[in-house]
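Summary of the model geometry
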Amino acid sequence: MRTHCNPNQFTFQAFNGRSVSCSFNGGHITSDSGGLLLREVEEGQGFIQRFSQCFTDLRNPRFIEHSVYELVSQRTYGLCFGSEDLNDHDLLRADPLLALLCGKQDLEGKARRKMRDRGKPLAGKSTLNRLETAGSLLSDRPRYKKIVAEMNELEEYFVGAFLRTTKKPPRLLILDFDATDDPLHGKQEGRFFHGYYDCYCYLPLYVFCGDQLLWAQLRKADIDASDGALEVMQRLVKLIRHKWPLVKILMRADSGFCRDTLMSWCEGNEVKYLFGMAKNRRLLKRISRTMKKARVDWASSGRAARRFHSVLLSHAEQLVARSTCCGQSRVHGQGREPALRGDQPVGSGVRRATALREAVLRPRRNGEPHQGATAIPVRR
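Residues numbered from 1 in each chain as written. Predicted model: local features only at pLDDT ≥ 70, side-chain atom pairs only at ≥ 80, totals over all residues. Heavy atoms only, no water.

Ordered by their spatial adjacency, 3 strands build an open sheet running E6-E8-E7, and the pairing between neighbours is antiparallel. The sheet terminates laterally at strand E6 (182-183) and strand E7 (192-194), the two strands that pair on one side only. (Pairing = 2+ DSSP bridges. Helix = DSSP H or I, 4+ residues; strand = E, 2+ residues; numbered from the N terminus.)

All right, on to unusual backbone geometry then. Although it is not a glycine, Asp 198 adopts a positive phi angle of roughly 60 degrees. Structurally, Asp 198 can be placed in the loop between E7 and strand E8 (199-202). Despite not being glycine, Glu 270 shows a phi value in the positive range, around 55 degrees. Residue position: Glu 270 is located in the loop between helix H10 (260-268) and strand E12 (272-276). Residue Glu 270 is classed as exposed on the basis of its relative accessible area, which comes to 70%. (Buried < 20%, exposed > 50% of the residue type's maximum accessible area, 1.4 Å probe, protein only.)

Below, the discussion takes up the pairing of E8. Where a strand is regular, its side chains alternate between the two sheet faces. Judged from the 2 bridges that link them, E6 and E8 form a sheet pairing that is antiparallel. The residue bridging Asp 182 from the neighbouring strand is Tyr 202, located in E8. When E7 meets E8, the two strands line up antiparallel, connected through 3 bridges. When the bridges of E8 are listed, His 194 appears paired with Cys 199. Here E7 folds back onto E8, and the loop between the two strands holds 4 residues, one of which, Asp 198, carries a positive phi near 60 degrees.

This part covers the nonpolar core. For soluble globular proteins, nonpolar side chains are generally found buried alongside one another. Within the largest apolar cluster, 36 residues are counted, with the highest numbers of intra-cluster contacts made by Leu 175, Phe 177, Met 233, Ile 240, Met 251, Phe 257 and Phe 275. Counting residues per element, this core draws most heavily on helix H9 (residues 229-243), at 6 residues. Every residue in contact with Ile 240, bar those within four places of it in the chain, is listed here: Val 159, Leu 163, Leu 173, Leu 175, Val 247 and Ile 249. Ranked by size, the runner-up nonpolar core spans 28 residues in total, among them Phe 12, Leu 71, Leu 101 and Ile 147. (Core = buried A, V, L, I, M, F, W, Y, C linked by side-chain atoms within 4.5 Å. Contact = heavy atoms within 4.5 Å.)

With that settled, the discussion passes to helix H1 (residues 35-45). Residues Gly 35, Leu 36, Arg 39 and Glu 42 constitute the buried set of H1. Projected down its long axis, H1 carries its buried residues within an arc of 110 degrees, all on one side. Opposite the packed face of H1, turned more than 90 degrees from it, sit the exposed residues Leu 37 and Gly 44. Following H1 by one or two positions, Gly 46 adopts a phi angle in the positive range, close to 70 degrees. (Arc of directions from axis to C-beta.)

Moving on, we get to the packing of H9 against H10. It is the contact of H9 with H10, at a shortest axis distance of 10 Å, that shows an interaxial angle of 20 degrees. One way to sum up the angle between H9 and H10 is to call them roughly parallel. The handedness of the crossing between H9 and H10 comes out as right-handed. Contact residues: Ala 229, Leu 230, Met 233, Gln 234 and Val 237 in H9; Thr 261, Leu 262 and Trp 265 in H10. Split by residue class, the contact of H9 with H10 holds 6 nonpolar, 2 polar and no charged. (Axes fitted to C-alpha atoms, helices over the stretch in contact; angles between N-to-C directions. Parallel < 35°, antiparallel > 145°, perpendicular 65-115°, else oblique. Left-handed = near helix turned anticlockwise from the far one by under 90°. Nonpolar A, V, L, I, M, F, W, Y, C, P; charged D, E, K, R; others polar.)

Now for the environment of Phe 257. Along the chain, Phe 257 turns up in the loop between strand E11 (248-253) and H10. The sequence separation of Phe 257 and Asp 178 amounts to 79 residues, and the corresponding C-alpha distance is 8.6 Å. Excluding residues that lie within four positions of it along the chain, Phe 257 makes contacts with Phe 177, Asp 178, Ala 179, Leu 205, Ala 225, Ser 226, Ala 229, Leu 262 and Phe 275.

It is worth spelling out the environment of Phe 158 at this point. Tracing the chain through its elements places Phe 158 in helix H8 (residues 157-165). Under the relative-accessibility criterion, Phe 158 is labelled partly exposed at 29%. Through-space distance from the C-alpha of Phe 158 to that of Phe 51 is 9.3 Å; in sequence the pair is 107 residues apart. With residues near it in sequence (within four places) discarded, Phe 158 still touches Leu 213, Leu 214 and Trp 215.

The quantities given are spatial measurements derived from coordinates; they are silent on function.
Put into structure tokens, the structure is as follows:
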């Protein structure tokens, strides 16, 4: 007979000498009990603790009730709970579980607290707003904004977390650069209409290494997709090679990043690259024979046919054209889908082209939806 073990209570790490447990008979206390699992991750890895160290607190400790770590924790857990607006924290500040996650003790017994704040151990929207709008400079700022953000440390936080959590040095790192839309539904500062995405949006820049986010930079939408990518690449390569000098790095991106400045820098710093290339009449004419062969293969077999064709553009640049022919294509009604990729030559012939497709291009195609889903919670 199978034994069913359904515990009625779960035990987590204690807090200030008090036990922390989860049960289902305590009544309505909070709607975000899953945050206890996030607390276990934070206790083991210390992501928020390290992130809070990127701020400098110039406030007088005798007159503050909420430390930088508590403010950052409250804002971070609020985003994890789906409460993106600061106005939501007027209700969340009274949540006992959120106070536990932030490491906040009960302040109700302190006589110096105002009556309206009794029973609300966490910070309100105004205090959190001062944290987010303090910036990196204190000149010409109100006297209440005394928390300084170290912007360089904040920008390098994600790559630093990646380097710390990766214990074994990898042989190859593939850095995926991607610019995606962040739609806007109001008249936010710096909004612009982007013709490709057909909406008012921002155009943030993301850099992923597999499932790990290395860079997230908010940008306006009236710029080129590759704007600032060179500077980001230079900083990432410097940080990565400082810890792993022998690691090989491959930069992978779509046609929006196929720019001469990026390719020239990669060639001069021993960084491989693989970019998509925008189609034009000249390139399509060069692969017309290959396209015809792919159509013949499809007509004879009834299956999707792929042909590869290499075109030498210069001594250091090379184009790989993949011709795909299938019965029903979502791109072209006649089933023609040429995909152009620009890369540094690492071999020659069909064998190299097949290796590129199987080892690099296919993971890129399958990885994009997952990267987009990963980028949603970090867009703010």
